[in-house]
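Okay, here's what each chain looks like letter by letter:
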Amino acid sequence: MTFQPIKFYQTGSFVVGNRLLGENLRTVQSDIARSDSLTLGHRACQGCGEALGARYALDAAMRATGNKILATNATGCLEVFTTPYPETSWQIPWLHSVFGNTAAVATGMAAALRVKGREDIRVVAQAGDGGTEDIGFGCLSGMFERNDDVLFICYDNQAYMNTGVQRSGATPPAVRTATTEAVGSHPGNVFGQGKNLPQIAMAHEIPYVATATVAELHDLEAKVEKAMSMRGARYLHILVPCPLGWGSDPSATIKIARLAKETGLFPVFEAESGEVTGVSKIRHRLPVESYLSEQRRYAHLFKPVENREVLDRIQAMADRNVRRFGLLEEEVANNTPREQ
Amino acid sequence: MEKPFAITLEVGSSRANKTGSWRLNRPVYVDRLPPCNDACPAGENIQGWLYHAEGGDYEAAWRLLMQENPFPAVMGRVCYHTCESYCNRGQLDHAVGINAVERFLGDQAIARGWGVTCDAEPSGKRVLVVGAGPSGLSAAYQLKLAGHDVKVIEAGPTAGGMMNFGIPSYRLPRAVLSKEVQRIVDIGVDFEFNHRVEDIPLEMTRGSFDAAFLAIGAELARKAYIPAGDSAKILDAVSFLSGSRDEKMPMLGRKVVVYGGGNTAMDAARTAKRLGASDAIVVYRRTRNQMPAHDIEVEEALEEGVLMRWLSTVKHLDEHSMLLEKMELDETGFPQPTGEFEKLESDSLILALGEEVDLSLVEGLPGVSVHDGVVEVGPDMMTGYPGLFAGGDMVAGERTVTMGIGHGKLAARNIDSWLKGSSYRHPERHELASFDRLNTWYYSDAPHAVRPKLDMIRRQSTFDEVVLGLDEDNALFEARRCMSCGNCFECDNCYGVCPDNAVVKLGAGLRYRFDYDYCKGCGICVSECPCGAIAFVPETI
Amino acid sequence: MLEQIEGSRAVAKAVALCRPEVVCAYPISPQTHIVEALGVLVKTGELSPCEFINVESEFAAMSVAIGASATGGRAYTATASQGLLFMIEAIYNAAGLGLPIVMTLANRAIGAPINIWNDHSDAMAVRDSGWIQLFAETNQDAVDLHIQAFRLAEEISMPVMVCMDGFILTHAVEEVDTPSQGQVDAFLPKFVPRQVLDVDDPVSIGAMVGPEAFSEVRYLAHAKQLQAKEKIPGISREFELIFGHPAGGLVNGYRLENADTVVVAMGSLLGTIKDAVDDLAEEGKKVGVLGITTFRPFPLEEVYAYLSEARRVVTIEKAFAVGMGGILATDVATSLNRVRIDQYSVIAGLGGRAITKASVRSLLEDAIDDRLEPLTFLDLDHELVEREITRMRESKRSGPTAENLIRDAQLKKFSRTQRDG
């Protein structure tokens, strides 16, 4: 986790670069010579969180390894918008096989490198939430339990976006998708389903598991850097808002990621060998409505009438995260937003 | 390697796909006007000099400040810092302590002996400045730097005007003032003291001046008729304060009443306390909220034990007491007498009812008009008499040192243009960088570094400075609380948050450029710019 | 070195001699002994450097091989039956990406009903995937074909599947001449990948290709198979020079000179057929055999060259296209579409049903006498089948077929015992 002594007040540690910080304390993204692993001309939608998350993570991995990474990619938005023949936006060695096998492909890549004595070259596997939590889960779990030397990154946009916004195992309750429409007596995705992959990853007791969002670059980069300093299976779960699928303004991508964290709905933490070792605290806690109301996938919770019951259930999920992970600073830990 | 057809592709080849054609809105870098700059009567580029101070380059900060105002150390003590009232940070936690940092810079300059040099080509023009107060000095300084020959003629024995005799030394140590005045002397401004100008055309002809700037201030104490016994002690605040600067002790007695509600009244009451009065009582005919004195002055006076009698007028004065009449506000908020009286013990009365301009100087000058007791000037600070400019307390406006300095600068700019046969055009004012333009999440939570205050007891009995300066750590801290509203401070956010890599970083000090060939117009950079320095404008297709 | 050895172990030895760098293992009968043996060799260090990876599924096995191969590693795995089907998406992907992976397919039937015994249904399920498919007649063949498979795969950068009959070959202990490391090293050069993930020369592998180039990409895959067909005879000849015995090639003829009747088949079945043909030959019948070693690419011209003079062709195969008939027979028919030859398609040995010499002989006699049906299921219990068909006609809810058949078969056996008793 990035615990930076507050010395530089103007913009603290939250902006991408800060001229008041030493070069070594600035983000990789601030570097005029950053690797741009994912470069100009890709076909992601306007305001794509995944494009951003991928560049953030891979550029950080590039710096951490001295530009020695091989990447593999599950089928999905990231794959499609980066490599439509005859153009690719990748600037690093990159392989796409199929949808559900990314972790296994990465295992094979790492194995070949080990045989060749090129363990200085590191392998990064990437997938969306469908390729990670659903169709890719078997291979991922296998890679975890064998503790293969792979950093697996899930870009979580909480549904199957490439195929037109269908529900995945990562889709939160009440969300409207093309397969959980906002109709009937319980509009949107049902409560009580879905899986928490970071915690499942932790149950494998792999060396490192972390969550991050595109709204906190320093934290995200520090986690990638830490992951690359370790060997074995590592898992990074990055929340990447999808303007198209979430029905949010393209300019609000980072804001929404920030709200996901600040409301407590998306806990940002890290764990080593199955134990939580760090939590990124909420800076200014907000009620879940501030996050939900920015997204049309939750519009049915507000119109034509406010669905208080569902909003309360979602708030309860946030409250639970706050309790479970200790997301608030001690002095305010017992206050829920409405009590404040 | 020889790549298999279509399945395997050359890296970075997507550059051929110019995604800029998707764009409906275009981000554009702008500089917006920070509210502090907008509010500064002296027209300082506050955000600009704070920017240097944030980086620890205090000399650069000071030099930028000095371009607009030759009195940073004085400002840091006596300016009522309107800027802080408008500071956007005030809506987040507390306003940036701009004034404190300004003082730190001014004091650093004095401590380190930083000076100003005059490099301008001599213009061959001569300008007369009448009055060595803040406005006259500011004009002289700016005119000299513009290359003109400047002579300041002052009726009194020394430079400084109100800064010298109107402000108690516990607010402005005289050594500080003289150091900053000395810099103006050092760049070659000519001074003549103890010379009261009475005929301007004659003075200009005699000295071959091409233009003149009048800044004689408002020194005549406003009078009020108060029936008084023979032995009643009554004096005006300006003379009282002027007399007190040398710590001469006028015999005031134990109980001193100050009549008036302005800053001068506060200064007089606090000075009376320091001179030994056991009670200093301010009598004002309206309420506290209506007092023209700045809040901070009232606060400090109250802290020091000054008493206040609001809604009261002085009806009669005797040697050891006076009669007050209670007032009440009518519907329009105007005080009306109630006919209720009360007695107040007092040994002396200081009248602080405001000051008036001695208009005899401009009487009979063709084209010069007077309105409401002040000289009328145009937006260019020129009177109706060609080549004759005026500013400071003798023209309309708030009567503060800072306003005077602003007038002097503005007049100097206009005089310079006038001398060159052109007219001065104020640089275009940028759109205001209002709070809603900012993304304040990026700014760390940081409390306001409050300037230490002298121990209460100590400051009541001495003329030592009440408000002490920031040390370097605090000054840096305070400077860094500045959010750089509306002006890029190169935080790299736009460069980092663009999902399409369409922001080009140009290197330190050079800011950024949009690559419109690829910018899809998502607007994330606009939303995530902490300081609101990116506008989003519709594409014209 | 000649030795009595189980087929699986012989193949494991041969694969090890080819110095694979990544071996993925997932258990499924009857392939398991091969990867078990390789696991031992890696663990003892006899095969080094090599990563032996216990994966969680066949889908992962092929995927690990894909990753390893794209990173420049020589990759090998083995599977069978359901396992092959479970990895089928990756099978197609490996071929589409042109990755020279070698895989053993220990041929086994596909359920339901679940059945662990041998037939060729699994291989036929992926015949259109773009993989090269070689069929071993004997365990010696299996050993030799694996060595040739690596050479072929890497020369044309396509994956190769060596098919060997489950149990019949994998579990049979017989004499095999296992080659020396020197021989294999002389035959199989170091792997130089056509495309590789390289930090010093980065490329993107696995692009999305739309209608504008997809046909071309698929045609190029076909062209690669044609290229393989050209290379296979040469590789076979070179193999013989180094190893001292013939192996591989596209097809293998037996007693074809002046043969009126030619039997076409693949895999271990050829042994039984040849025995039957020998017997018939002694009786003066002009019967020959054409063994298909390379099923994909299919050697259309070679098959035509060997069969065009015959009067009749009998294709016997261990798989069929349900609702259509023989698969190999269809390919043979395609080779012969220019000539008028009687063609018979025989489906035999499904799910491990023994193919006896007697049955084959009787079948061939029927063919020679032109009494054979165009499509025959060898040794099919017609009575059993008819009973079930009747039942299905009578009731919609006739119950599960497999269980019905078993019950009928037991009843039949019981009544026979009663009668004989």
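Source: prediction; values computed, not measured.

### Here's the deal with the overall build of chain A
- Within chain A, the regular secondary structure consists of 11 helices and 8 strands.
- Here chain A has a C-alpha radius of gyration of 19 Å; the compact-globule value for 340 residues is 20 Å, and the two agree.
- Taking the principal axes of its C-alpha atoms as reference, chain A extends roughly 60 × 45 × 40 Å.
- For chain A, with 340 residues in total, the buried portion stands at 65%.
- In chain A, once contacts between residues fewer than 6 apart in sequence are set aside, the share between residues at least 24 apart is 70%.
- Looking at chain A as shown, the accessible area adds up to about 11,400 Å², and 51% of this sits on carbon and sulfur atoms.
- When the 35 positive and 37 negative side-chain charges of chain A are each reduced to one mean point, those points stand 2 Å apart.

### Focus on the interface of chain A and chain C
- Chain A puts 38 residues into the contact, and the matching count from chain C is 36 residues.
- With both chains or domains summed, chain A and chain C bury close to 2,800 Å², and 67% of this area falls on carbon and sulfur atoms.
- For the pair chain A and chain C, the number of links is 3 salt bridges.
- Mapped by element, the contributors of at least two residues to the side of chain A that touches chain C are β1 (69–73), α2 (77–82), β2 (94–96), α3 (102–115) and α5 (137–146) of chain A.
- Take the side of chain A that touches chain C: its biggest share by element is 10 residues, from α3(A).
- A breakdown of the residues in the side of chain A that touches chain C according to their chemical character gives 21 nonpolar, 12 polar and 5 charged.
- With 2 bridges connecting them, β2(A) and strand β9 (residues 203–205) of chain C associate as parallel partners. Within the sheet, the bridge partner assigned to L95(A) lies in β9(C) and is I205(C).

### Re the nonpolar core
- By size, the foremost hydrophobic cluster in this structure holds 100 residues, and its most contacted members are Y235(A), M62(C) and I292(C).
- Formed jointly, this core draws a minimum of three residues from each of two domains, domain 1 (2–243) and domain 2 (251–377) of chain C.
- F81(A), M228(A), V240(A) and Y442(B) belong to the second largest nonpolar core, which has 72 residues in total.

### Observations regarding the interface of chain A and chain B
- Contacts between the two partners involve 55 residues from chain A and, on the opposite side, 55 residues from chain B.
- Roughly 4,600 Å² is buried in total at the junction of chain A and chain B, and carbon and sulfur atoms are behind 53% of that figure.
- In this assembly, chain A and chain B are joined by 2 salt bridges.
- The interface formed by chain A and chain B includes 32 residue pairs in polar contact (both at pLDDT 80 or more).

### Let's talk about the sheet that holds strand β18 (residues 375–377) of chain C
Residues and elements named next belong to chain C.
- The strand order β10-β12-β11-β14-β17-β18 describes an open sheet built from 6 strands, whose pairing is mixed. Among the strands making up the open sheet, the edge pair consists of β10 (251–254) and β18. Across this sheet, the average inter-strand angle for adjacent strands is 20 degrees, counted without regard to direction.
- Inspection of the sheet shows strand β11 (residues 261–265) paired to strand β12 (residues 287–292) by 5 bridges, in the parallel sense. Bridge pairing in β12 links V263 to V289.
- Running over the sheet, helix α11 (residues 300–307) touches β10, β11, β12 and β14 (312–317) and is turned about 175 degrees from β12.
- Helix α12 (residues 327–335) contacts β11, β12, β14 and β17 (342–347) of the sheet and is inclined by roughly 150 degrees relative to β14.

### Quick notes on the domain arrangement of chain C
- Under the domain assignment, chain C is made up of domain 1 (2–243), domain 2 (251–377) and domain 3 (390–420).
- When each unit is reduced to the centre of its C-alpha atoms, the spacing between domain 2 of chain C and domain 3 of chain C is 33 Å.

### Describing a nonpolar patch on the surface
- Taken together, the side chains of F5(B), Y219(C) and L220(C) make up a nonpolar region of the molecular surface, amounting to roughly 300 Å² of accessible area.
- Among the secondary structure elements, F5(B) is positioned in the segment before β1 (8–10).
- We classify F5(B) as partly exposed; its relative accessible area is 35%.

### A closer look at the state of the cysteines
- Counted by the stated rule, this structure contains 0 disulfides over all chains.
- Among the cysteines around C482(B), which has no disulfide bond, C485(B) carries the closest sulfur, lying 6.2 Å off.

### Examining the packing of aromatic side chains
- Per the counting criterion, the structure on display carries 26 aromatic pairs over all chains.
- Geometrically, the ring pair formed by W90(A) and W94(A) is stacked, given 5.6 Å between the ring centres and 15 degrees between the ring planes.
- Measuring from ring centre to ring centre gives 4.1 Å for F239(C) and F243(C), while their planes differ by 15 degrees; the resulting arrangement is stacked. Residue F239(C) and its partner F243(C) are both found in helix α9 (residues 214–243); the two are separated by 4 residues, about one turn of the helix. Judged on exposure class, the residue F239(C) and its partner F243(C) are both buried.
- Taking NZ or CZ as reference, R151(C) lies 4.9 Å from the ring centre of F187(C), over its face.
- A cation over a ring is seen here: K274(C) above Y254(C), with NZ or CZ 5.2 Å from the ring centre.

What counts and what doesn't
Sequence positions are assigned chain by chain, starting from 1 and proceeding in written order. By the order in which they are written, chains take letters starting at A while ligands take numbers starting at 1. Note on the predicted model: pLDDT of at least 70 is required for a residue's local features to be given, and 80 or more for side-chain atom pairs to be given and counted; whole-chain, interface and lining totals, by contrast, use all residues. Computation of side-chain values: all heavy atoms of the structure, hydrogens and water removed. Put simply, DSSP marks the helices as runs of H or I at least four residues long and the strands as runs of E at least two long, and each gets a number from the N terminus on. The globule rule used for comparison is 2.2 Å times the number of residues to the exponent 0.38, while the radius of gyration itself is calculated over C-alpha atoms. Burial here depends on accessible area, computed with a 1.4 Å probe over protein chains only, as a share of the maximum for the residue type. Under 20% is buried, over 50% is exposed, and the range in between is partly exposed. Residue contacts are counted whenever heavy atoms from the two residues lie within 4.5 Å of one another. Only the protein chains shown count as cover for residues, and all accessible areas are computed by the Shrake-Rupley method using a 1.4 Å probe. Counted charges follow a simple rule, with Lys and Arg positive, Asp and Glu negative, and His plus the chain ends left uncounted. Charged groups are reduced to one reference atom each: NZ for lysine, CZ for arginine, CG for aspartic acid, CD for glutamic acid. For any pair of parts, buried area is found by adding up, for both, the accessible area (1.4 Å probe) each one loses once the two are put together. Take a side-chain nitrogen of Lys or Arg and a carboxyl oxygen of Asp or Glu: if they are within 4 Å of each other, that pair is a salt bridge. Only Asp, Glu, Lys and Arg are considered charged in this grouping, and only Ala, Val, Leu, Ile, Met, Phe, Trp, Tyr, Cys and Pro are considered nonpolar; every other residue, Gly among them, is considered polar. Pairs of strands are assigned from DSSP output, requiring at least two bridges between the strands. Definition used in this section: a nonpolar core is a set of buried Ala, Val, Leu, Ile, Met, Phe, Trp, Tyr and Cys residues joined via side-chain atoms within 4.5 Å. Domain segmentation is taken from an automatic or database assignment of domains. Counting of polar contacts relies on pairs of N or O atoms within 3.5 Å, with two restrictions inside protein: one atom must be capable of donating a hydrogen and the other of accepting it, and residues adjacent in sequence are counted only when both atoms are side-chain atoms. Only C-alpha atoms enter the line fits that serve as axes; for helices the fit covers just the stretch in contact. Angles between N-to-C directions range over 0 to 180 degrees. In this analysis, a patch consists of residues with relative accessible area above 30% that form no salt bridge, clustered at 9 Å for like charges and at 5 Å for the nonpolar side chains Val, Leu, Ile, Met, Phe, Trp and Tyr. When the sulfur atoms of two cysteines come within 2.5 Å, that pair is taken as a disulfide. Side-chain rings of Phe, Tyr and Trp (the six-membered ring for Trp) are treated as a pair once their centres are within 6.5 Å; stacked means planes under 30 degrees apart, edge-to-face means over 60, and tilted covers the remaining angles. Should the NZ of a Lys or the CZ of an Arg lie within 6 Å of a ring centre and within 35 degrees of the ring normal, that charge is described as sitting over the ring.

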